[in-house]
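Inside the fold
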Amino acid sequence: MRHSLKETISTSQGIALYVGAVLGSGILILPGMTGGIAGPNALIAWIIMVLLSIPLAYTFAFLSIDYPSSGGVATFAHKAFGYYAGALVGWFFFIAGSVGQIIVSLTGGTYIAFSFGLPHPIAYLVAFILLIISVTSNYFGLKTSGKLQLLIAVLTLLILLAAILLALPSVDYKNLEWSLEPSTFPSIAQSIMLIFWSFFGWEAISSLAPEFKQPRKRNILLSTLGAIIIVGILYAGVAFAVIGTHSYSMDSNNIHEAMNHAALSEVVRKGIGTNGSWITAIVAFVICLGTMNAFIASMSRLGYSLAQNNFAPSYLRKINKKHSTPARAVLIVGGIAGGGLLTSYVFNIGLEQLVLIPNSLGMATYIVGAAAGIKLIKHLIGKIFALIACMLCLISYVFIGAFLIIPISVGGCCLFYIWRKKRKSEKEFQNF
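In this text the structure is predicted, and so the values were computed from the model without any measurement. (Residues numbered from 1 in each chain as written. Predicted model: local features only at pLDDT ≥ 70, side-chain atom pairs only at ≥ 80, totals over all residues. Heavy atoms only, no water.)

1. Observations concerning the pattern of salt bridges
All told, the structure shown has two salt bridges when counted by the stated rule. Of the charged contacts in the structure, one is a salt bridge between Glu-7 and Arg-216, with a shortest N-O distance of 3.1 Å. Linking Glu-7 in the segment before helix 1 (11–22) with Arg-216 in helix 10 (residues 216–244), this pair joins segments that are 209 residues apart in sequence. Classification of Arg-216 as buried rests on a relative accessible area of 8%. (Salt bridge = Lys/Arg side-chain N within 4 Å of Asp/Glu carboxyl O. Helix = DSSP H or I, 4+ residues; strand = E, 2+ residues; numbered from the N terminus. Buried < 20%, exposed > 50% of the residue type's maximum accessible area, 1.4 Å probe, protein only.)

Here it is, written out as structure tokens:
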């Protein structure tokens with residue numbers, strides 16, 4: 001693969017692709033959610049996460065330089081720790097990405113419901129519509145073009161910039177007065193756990209590495225630096241806008257929770273009025289639709305790949321020959337997301353709890369990736385970055401609490417399936 005892919009990505013293109021991979025629907029909901037939990041202290045959580053991004057992003061950059069492969073973090077885990085580690089990372093990504101579509105779809109639905117003053121159940125109806133559109137388009141092979149994905153990234157960038165700029169005249173600096181007292185630590189830690197959802201994507205450089213122009217090392221490192229700066233400024237700026245304009249509430253009723261989940265719409269409304277809020281909601285809907293299309297395509301192919309490698313049930317191998325799509329894997333991803341949406345609605349499970357499911361799996365993946373970096377990276381600075389990233393992720397992971405059962409359960413299912421499959425093959429061989 002290393003030699004079959006053309007080396008066409010320059011530093012500027014690398015920055016654009018990297019920023020596009022990290023920017024996502026999470027930033028649409030998390031500033032208000034973290035504000036509702038920690039108030040002005042949420043700014044501390046966002047700054048901590050920006051700083052954590054530096055060693056994490058550079059760990060994957062150095063791994064990509066030493067081991068350029070489109071297999072990404074699963075390849076690093078396999079090289080460092082063997083067959084089972086690669087399988088675990090694959091399962092973690094598949095479940096995290098599938099559950100993540102519950103959050104993405106609800107984000108689009110919440111923005112529409114809040115901005116147009118519709119009842120809360122409408123958010124779930126819109127979420128189901130988003131999911132049905134995305135699953136249907138993927139099932140019938142209606143591919144999301146690179147140009148459309150670029151448009152989604154540009155729309156995300158524009159809505160973030162607009163929120164920051166429109167907030168400036170309305171910022172009350174008294175709203176930004178935070179404090180570091182022992183009593184505030186739990187809310188800051190809880191905010192950090194949620195914010196992880198916005199920072200997934202630092203591993204994306206790994207899959208792109210074989211396509212960077214020479215000198216590859218220089219271009220990858222500069223692309224990583226540029227992406228960290230841009231994402232850091234945007235994310236900190238949006239948190240500043242939401243908290244500075246107090247576009248969130250620490251009350252726990254449905255109306256205030258909806259505002260927290262659609263905080264950027266509230267920021268824009270304060271800046272230019274109701275029409276701006278409506279435009280923001282429509283743009284958020286388009287962003288979520290594009291994100292879901294891309295993720296369902298990616299996760300379904302990951303599921304198919306896992307099945308091809310005997311890491312997952314052979315049921316997922318089925319290809320729709322007419323449309324050349326992994327049809328069953330698409331339906332499984334959609335089924336997980338649809339079932340999660342229904343469960344969330346029936347049992348009134350909020351986005352604050354839902355986000356922690358993929359976060360627990362994503363953080364576990366980053367811990368494995370950083371540990372692989374400690375073992376594999378050849379450059380001393382890269383090893384130091386990997387060590388720092390691994391330690392910080394492990395420390396953060398303590399605060400995931402009861403959700404630690406998620407990666408343990410997924411990992412247990414993965415290892416049990418592989419063991420059972422291997423034992424069945426051995427019996428069949430003996431009988432033969």
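2. Some remarks on the side chain of Glu-203
Tracing the chain through its elements places Glu-203 in the loop between helix 8 (185–195) and helix 9 (204–208). The side chain of Glu-203 sits in the buried core without any salt bridge; Arg-301 is the nearest counter-charge, 17 Å away. Of the polar contacts made by the side chain of Glu-203, one reaches the side chain of Tyr-366; its length is 2.5 Å. (Lys, Arg positive; Asp, Glu negative; His and termini not counted. Polar contact = N/O pair within 3.5 Å; in protein donor to acceptor, adjacent residues only side chain to side chain.)

3. A short note on the packing of helix 10 against helix 12 (residues 263–272)
One can describe the packing of helix 10 onto helix 12 by two numbers: an axis separation of 10 Å at closest approach and a directional angle of 65°. The two elements helix 10 and helix 12 meet at a crossing, and its hand is left-handed. Residues Val-238, Ala-241 and Val-242 of helix 10 touch helix 12, and the partners they reach there are Ala-263, Leu-264 and Val-267. For the contact of helix 10 with helix 12, a count of residues per class yields six nonpolar, no polar and no charged. (Axes fitted to C-alpha atoms, helices over the stretch in contact; angles between N-to-C directions. Left-handed = near helix turned anticlockwise from the far one by under 90°. Contact = heavy atoms within 4.5 Å. Nonpolar A, V, L, I, M, F, W, Y, C, P; charged D, E, K, R; others polar.)

4. Describing the confidence of the model for the protein
In the predicted model, the protein carries a mean pLDDT of 89, and the fraction of residues at 70 or more is 95%. Mean pLDDT across the secondary structure elements of the protein bottoms out at helix 9, with 76, and peaks at helix 14 (residues 327–346), with 96. (pLDDT = per-residue confidence, 0-100.)

5. Some details on the nonpolar core
In terms of nonpolar packing, the biggest core is built from 133 residues, with Leu-160, Phe-199, Trp-202 and Tyr-235 touching the most fellow members. A total of 16 residues in this core trace back to one element, the largest contributor, which is helix 3 (residues 42–66). The contacts of Tyr-235, once residues within four sequence positions are left out, are Val-22, Leu-23, Gly-24, Ile-27, Trp-46, Leu-160, Ser-198 and Phe-199. (Core = buried A, V, L, I, M, F, W, Y, C linked by side-chain atoms within 4.5 Å.)

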